[in-house]
Amino acid sequence: MPWDPMRDLLTMQERLESLFGHAAPGWVPPVDLAELDDRYVLTVELPGMDRSDIDIHFHDQRLTLRGERRCTAPGPERYQQLERGQGPFSRSFQFGTAVAGDHITASLADGILTVVVPKAQDVRRISVGT
């Protein structure tokens, strides 16, 4: 797994804030982004989340995933250790080629969100003759 400095910084920030009693800023779900010939495929780990907890928006060639994982612990919230991300998250993705935003699909199964972003059809340049 490649090193993700942003994820490490957010984890350190959460741990420091928990020491001083501040609320954690959220969490960063891991995402794999694959580029195929005709589409991009995002695979996002969102265990324990329901479809209603996830928002997906596409605007100006940018795909944004937002959501919130609520605490599901039974009884009083007195933890010995808390490592699973809780609270809101937001991830945005800008694609290297034009995509067909009106044909994006998403599915959630077994805690894995899969978003398929088709690439736009080839734009052909037409020369103007004399």
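Residues numbered from 1 in each chain as written. Predicted model: local features only at pLDDT ≥ 70, side-chain atom pairs only at ≥ 80, totals over all residues. Heavy atoms only, no water.

**A short note on unusual backbone geometry**
Generally, phi is negative for residues other than glycine and the peptide bonds are trans, each holding for most cases. The phi torsion at Gln-61 lies on the positive side, around 60 degrees, for a residue other than glycine. Assignment of secondary structure puts Gln-61 in the loop between strand S3 (54–59) and strand S4 (62–69). Within the chain, Asp-110 stands out as a residue other than glycine whose phi angle is a positive 55 degrees. According to the relative accessible area criterion, Asp-110 is exposed, its value standing at 82%. (Helix = DSSP H or I, 4+ residues; strand = E, 2+ residues; numbered from the N terminus. Buried < 20%, exposed > 50% of the residue type's maximum accessible area, 1.4 Å probe, protein only.)

**Structural notes on the sheet that holds strand S5 (residues 87–94)**
Hydrogen bonds between backbone groups are what pair the strands of a sheet, and the pairing can be parallel or antiparallel. Here we have 3 strands laid out as an open sheet, ordered S3-S4-S5, and antiparallel in their pairing. Only two strands of the sheet have a single neighbouring strand rather than two, namely S3 and S5. With strand direction ignored, the average angle separating the axes of adjacent strands in the sheet is 15 degrees. As paired elements, S4 and S5 share 8 bridges and run antiparallel to each other. Its bridge partner lying in S5, Thr-64 is registered against Ser-92. (Pairing = 2+ DSSP bridges. Axes fitted to C-alpha atoms, helices over the stretch in contact; angles between N-to-C directions.)

**Examining the sheet that holds strand S2 (residues 39–45)**
Strand order in the open sheet made by the 4 strands is S1-S2-S7-S6, with antiparallel pairing throughout. Here the strands that pair on one side only, and so sit at the sheet edges, are strand S1 (31–35) and strand S6 (105–109). With strand direction ignored, the average angle separating the axes of adjacent strands in the sheet is 15 degrees. Of the pairings in the sheet, the one linking S2 to strand S7 (residues 112–118) comprises 7 bridges and is antiparallel in character. Note on S7: the bridge partner recorded for Val-44 is Leu-113.

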